[in-house]
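# Summary of the model geometry
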Amino acid sequence: MAAGVAGVGLSWPLELARRPNSIRPSSSSSQSSGRSVVKMAVSIDEKKKIFTLKKSEEAFNAAKELMPGGVNSPVRAFKSVGGQPIVMDFVKGSHMWDIDGNEYIDYVGSWGPAIIGHADDEVLAALAETMKKGTSFGAPCLLENVLAEMVISAVPTIEMVRFVNSGTEACMSVLRLARAFTGREKIIKFEGCYHGHADPFLVKAGSGVATLGLPDSPGVPKAATFETLTSPYNDISTVKNLFDTNRGEIAAVMLEAVVGNSGFIAPKPGFLDDLYRITKENDALLIFDEVMTGFRLSYGGAQEYFGIKPDLTTLGKIIGGGLPVGAYGGRKEIMEMVAPAGPMYQAGTLSGNPLAMTAGIHTLKRLKEPGTYDYLNKITGDLVEGIVDAGKRSGHAICGGYIRGMFGFFFTEGPVYEFADAKKSDAAKFARFFRGMLEEGVYFAPSQFEAGFTSLAHTPEDIQSTIEAAKKVFRKL
């Protein structure tokens, strides 16, 4: 394996990720100065504002009469952490403001896309120029070529790419493609990995399914999941047994190379290498769901970071710079099965729209600047080590880990190798910690089973403020 993962409270031997005393990559757009201007506009008085969510409560109560559960994505409803869901007003850099005027250091990052910071000035300027030409053409545009070339040059195994509008769409499409190419129907997925809400994937899924404690979703026919085989993550022996008992029938193995939808769970050394070998031995495809890890662990994603070559890859989040997007790609011989080049049908009205392409292009340009991933690794390492150390000093069972701009921690001694281990975390304590951190002005994902994200806009001061807030909250738990 070409790289290691840094962790605190983890037990397997790891090559610690490099932690240089680097400074933030320079950019002509200053996120910190942009943020200070916004602060001046909303913080008339420097005294500490009383934390209230009255306006959020009123807005959310109204929303519950308009939308199922008051939200358009389940985890936003705070079901697993309790308390009042927060209605946001605006974002800038590494901070968010709600409609009550509360300010937060944000570690959700729109659940991953905001890797260069929210509302980046250069991206906004580029979008404004693009919008002058129109928001959607329903026809090819040159920007699709530009972003496709950037993705293909960055991700080691992508020779051809198809843009779609979400991670779910990318994953459901890549599954259909794998089945079409191999002529087989069965797939192996891992417990706690989430690949969107398409029917075949809602078996022992992570993300909101895990957060809400849902077994498998009603409305999914048995036939839709009959060909879905599951294994614990990091358990290569179960994968071998599944191939032995379903010889010649498995189309693909699909996984999050680093799990982000059960919290942050990294692969054991050798696990990804073994999956690569087993799929090759059985003429099956290896699919990396890099919707979350793509361009976040490295410019070439998890596959570049770990030195593994999957046959197919899904992307999303970062490649749209905060606008709705997804993509799937891989070897040319496989991708040429996709219509209109081949018989495997998939289409999308807004796929490749100029706004998402523009935001993606300018985001990737920024990520390619020297020092980007060293900086992310430094601040994320400081954050996780600081929080875990603070928790342990206050007498709490806690462990955590990180790679570059992605992290997580669990309220358990650990180690956490798979979803069953993650479920040992003290969810009630996490909920209290989450609500306490909100009152201190820190916004983590409202679920124990979601990874956290840092960005180039996060400053060392943001990190230190977060650690100090955590110390305060730990003492109260």
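Structure report, in brief. (Residues numbered from 1 in each chain as written. Predicted model: local features only at pLDDT ≥ 70, side-chain atom pairs only at ≥ 80, totals over all residues. Heavy atoms only, no water.)

## Topic: the side chain of Thr314
- By secondary structure assignment, the location of Thr314 is in strand β10 (residues 312–316).
- Judged by relative accessible area, Thr314 falls into the buried class, the value being 0%.
- Among the polar contacts listed, one links the side chain of Thr314 to the side chain of Asp289, at a separation of 3.1 Å.
- The contacts of Thr314, once residues within four sequence positions are left out, are Ala170, Cys171, Val174, Met254, Phe288, Asp289, Glu290, Val291, Ala327 and Tyr328. (Helix = DSSP H or I, 4+ residues; strand = E, 2+ residues; numbered from the N terminus. Buried < 20%, exposed > 50% of the residue type's maximum accessible area, 1.4 Å probe, protein only. Polar contact = N/O pair within 3.5 Å; in protein donor to acceptor, adjacent residues only side chain to side chain. Contact = heavy atoms within 4.5 Å.)

## Some remarks on the sheet that holds strand β2 (residues 88–92)
- Pairing in this open sheet of 4 strands is mixed, and the strands run β2-β3-β4-β14 from one edge to the other. Of all the strands in the sheet, the pair left with one neighbour each is β2 and β14 (442–443).
- As paired strands, strand β4 (residues 103–106) and β14 are joined by 2 bridges and run parallel to one another. Residue pairing across strands places Asp106 opposite Tyr443, the latter belonging to β14.
- Of the strands in this sheet, β3 (95–98), β4 and β14 touch helix α16 (residues 460–476), which is tilted by about 105° from β4. (Pairing = 2+ DSSP bridges. Axes fitted to C-alpha atoms, helices over the stretch in contact; angles between N-to-C directions.)

## Looking at the pairing of β4
- In terms of strand pairing, β3 meets β4 through 3 bridges, oriented antiparallel. Bridge assignment links Met96 to a residue of β4, and that residue is Tyr104.
- Linkage of β3 to β4, two consecutive antiparallel strands, is achieved through a turn of 4 residues, within which Gly101 is found at a positive phi near 90°.

## Quick look at the side chain of Thr293
- When you line up the elements, Thr293 lands in the loop between β9 (285–289) and α10 (301–306).
- The class for Thr293 is buried, based on a relative accessible area of 1%.
- Not counting residues within four places of it along the chain, the set of residues in contact with Thr293 comprises Val258, Gly301, Ala302 and Met406.

## Thoughts on helix α13 (residues 372–393)
- Between its terminal C-alpha atoms α13 stretches 32 Å, which fits the 32 Å expected from 22 residues at 1.5 Å a residue.
- A large share of α13 lies buried, amounting to 16 of its 22 residues.
- Directly after α13, the chain includes Gly395, whose backbone phi takes a positive value near 90°. (Expected span 1.5 Å × (residues − 1).)

## A short note on helix α2 (residues 54–63)
- Taken as a whole, α2 has its buried residues at Ser56, Phe60 and Ala63. Seen from one end, α2 has its buried residues packed into an arc of 55°, which puts them on one side. (Arc of directions from axis to C-beta.)

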